[in-house]
Amino acid sequence: MANPCAIAGIGQTRHASQRADVSIAGLVREAALRALEDAALTFADIDAVVIGKAPDMFEGVMMPELMLADALGAAGKPMLRVHTAGSVGGSTALVAASLVQAGIHERVLTVAFEKQSESDAMWALAPKIPFQPTVVAGAGGYFAPHIRAYIRRSGAPLDIGMRVALKDRLNALRNPYAHLHQEDITLEQIAQSPMLWDPIRYAETCPSSDGACAMVLVSEQAARSAPHRPAWVHASAMRSEPTMFAGRDQVNPRAGQECAAAVYHQAGITDPRREIDAAEIYVPFSWYEPMWMENLGFAPEGTGWRMTLEGATAFDGDLPVNPSGGVLSSNPIGASGMLRFAEAAMQVRGQAGEHQVDGAKRALGHAYGGGSQFFAMWIVGSEKP
Amino acid sequence: MSEQVYGIKVPIRLDYTYVVGTAPARFLRGLAQGKIVGQRCPSCAKVYVPPRGSCPTCGVPTRDDVALSDKGIVTTFCVVNIPFAGSAVKAPYVSASVLLDGADIPLFHLLQEVATEDVRMGMRVEAVWVPNDELQPSMNSIRYFRPTGEPDAPFESFKEHL
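Calculation criteria
- Residues numbered from 1 in each chain as written.
- Chains lettered and ligands numbered in written order.
- Predicted model: local features only at pLDDT ≥ 70, side-chain atom pairs only at ≥ 80, totals over all residues.
- Helix = DSSP H or I, 4+ residues; strand = E, 2+ residues; numbered from the N terminus.
- Rg over C-alpha atoms; globule rule 2.2 N^0.38 Å.
- Buried ≥ 20, exposed ≤ 12 C-beta atoms within 10 Å, placed from the backbone.
- Contact = placed C-beta atoms within 7 Å.
- Pairing = 2+ DSSP bridges.
- Axes fitted to C-alpha atoms, helices over the stretch in contact; angles between N-to-C directions.
- Parallel < 35°, antiparallel > 145°, perpendicular 65-115°, else oblique.
- Expected span 1.5 Å × (residues − 1).
- Bend = angle between axes of the 7 residues up to and from the residue.

A.B. asks: Please clarify how the overall build of chain B should be interpreted in this entry.
C.D. replies: Scanning chain B from N- to C-terminus turns up one helix and eight strands. Helices and strands appear in chain B in the N-to-C order α-β-β-β-β-β-β-β-β. For chain B, whose C-alpha radius of gyration is 19 Å, the value lies well above the compact-globule estimate of 15 Å for 162 residues. Along the longest, intermediate and shortest principal axes, the C-alpha atoms of chain B span 70 × 40 × 35 Å. Scored against the burial criterion, the 162 residues of chain B give a buried share of 35%. Considering only intrachain contacts with a sequence separation of at least 6, the fraction spanning at least 24 residues in chain B is 56%.

Right, dumping it as structure tokens:
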């Protein structure tokens, strides 16, 4: 049985399309120092550093962990880099948590980042390889056909994606760190935004952000001296599947279903929709909210869109999804997964300020990456398990 | 007053040799002859194209080559309206998942000779090849796919491939 792991410190940067005021090192330090301050610790108290980011090809900085070791106080300590594409922020947190759960370290600093202003993700995600013509235009070009398949399979009304985009952008107004603060956004504006990758409109896609997130994960013993109430890891899981195999369901991937089943089982959850108070899930394109509602077992297959339509996933719904504004409002890619994990922990710590879900006791953090092939999830709670 | 400098642009370039492996090499050589070669898994009988030399589900080597038709159906697609660096064609264009007749996994390719608003899931399409003297061991030997005009395939027939 794993040792308990607590989240004693959480920090994130102000996310923006360009943080020209800081280098990559400055960006990760901003998040790390806030997490340390929250935990009333310094770099000297940390036993190990676990860092993650999306593909190096984005910024063109190969193995950035090499040049960040000093900025993150890792000299003389173990430092690990994790990489699982878009889900990396989540899996980085889970690797860090496992070092505490295994009893190897008392206090682990985990950090994830992306500096998209120094990057060309569209180019990096449109690879030239001998097997396919260069027609897949970035992540949108890859995911749009799967969204089309979801709409066809579920018979969802065509405005569901726009409703998700509106909800998340309005939630972001409650989050001072969010990149997008669109005070006057309306459904009509979203409907009229350009169709980039039909059926994905511009306003239904995530922004391109600079940002970082950090957490201090500690043992039960170390949690006793934390100044603020910690969140506790109740369950954690990662699952993978091949990018391509015959009969692969890219709308409702098996790895996601199995990962969700694993965390519910560990946390003793049998009815996730009732037993989880808030969810921060990885929704880079608005239609992924209803798709993941089904994949995560919150709604039967083909009905996830009803949760959006009926307001169940709204801030005042029975399962608030992405009260922070989610990936649709801030997308520093490598950090986006960790932000989901951190925001879930903030909810159960009662630390989420204006976007706090009243009385949240148990929350889900979720990230996915690659061609929907890597999944990482944790369930955090206000009580020690 | 001098301008503040926050960063500089440093272009990087990466040329690399890609070793494809024996099964994909047969696929690429097939393209140079105007043929599409897949491989069947001896365990689950699924036909993979391009073949990778092993079945990702069963984890066994695939050795039986299968000659595939250059006709198939559009399972799903995306209308790309956004230009990007290195794009093969000018936007707007349709990129489609094409399930070739006899294959169990779709290929991704360009769809042309049809108005973007007329593209449908289930549409029958065929490959348009480059002239014989321009054939090469590359997917570029197929210029694009175009509709055949045959009736659409029913949704049930390809829903397992979405």
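There's more to say after this.
A.B. asks: How do you make sense of the sheet that holds strand β7 (residues 210-219) of chain A when you look at a structure like this?
C.D. replies: Strands belonging to one sheet form pairs held by backbone hydrogen bonds; the direction of such a pair is parallel or antiparallel. Residues and elements named next belong to chain A. Strand order in the open sheet formed by nine strands is β3-β2-β4-β7-β1-β8-β11-β10-β9, with mixed pairing between adjacent strands. At either end of the open sheet lies a strand with only one pairing partner, and these are β3 (79-82) and β9 (278-280). Within this sheet the neighbouring strands show an average axis-to-axis angle of 25°, counted without direction. Here strand β4 (residues 107-115) runs beside β7; their pairing, made up of nine bridges, is antiparallel. Residue pairing for β7: glutamate 114 is matched across the bridge by glycine 211. Running at roughly 175° to strand β10 (residues 362-369), helix α13 (residues 333-349) makes contact with β1 (5-12), β2 (48-53), β4, β7, β8 (231-240), β9, β10 and β11 (374-381) of the sheet.

A.B. asks: Looking at this model, I keep getting lost on the packing of helix α3 (residues 88-101) of chain A against α13(A). Mind explaining?
C.D. replies: The relative placement of two packed helices is expressed as an angle between their axes plus a distance between the axes. All names here are of chain A. Contact geometry for α3 and α13: axes closest at 5 Å, N-to-C directions at 60°. Considering the angle they form, α3 stands oblique to α13. On the side of α3, the interface is formed by Val88, Gly89, Gly90, Thr92 and Ala93, while α13 contributes Gly334, Ala335, Ser336, Gly337, Met338, Leu339, Arg340 and Phe341.

A.B. asks: Whenever I open this one, α3(A) confuses me. Can you help?
C.D. replies: Because an α-helix completes one turn every 3.6 residues, residues spaced three or four positions apart along the sequence face the same direction. All names here are of chain A. In a regular helix each residue adds 1.5 Å, so 14 residues correspond to 20 Å; α3 covers 19 Å between its end C-alpha atoms and thus fits that length. Buried residues dominate α3, accounting for 12 of its 14 residues. Looking only at α3, the buried set comprises Val88, Gly89, Gly90, Ser91, Thr92, Ala93, Leu94, Val95, Ala96, Ala97, Leu99 and Val100. Downstream of α3 by one or two residues, glycine 103 has phi in the positive range, about 80°.

A.B. asks: What am I meant to see in α13(A) here?
C.D. replies: All names here are of chain A. An ideal rise of 1.5 Å per residue puts 24 Å on 17 residues; α13 measures up with 25 Å between its terminal C-alpha atoms. Within α13, the axis deviates most sharply at leucine 339, by approximately 25°. Among the 17 residues of α13, 17 are classified as buried, and the element is accordingly described as predominantly covered. Where α13 ends, the next residue or the one after it, glycine 350, has phi of about 70°, a positive value.

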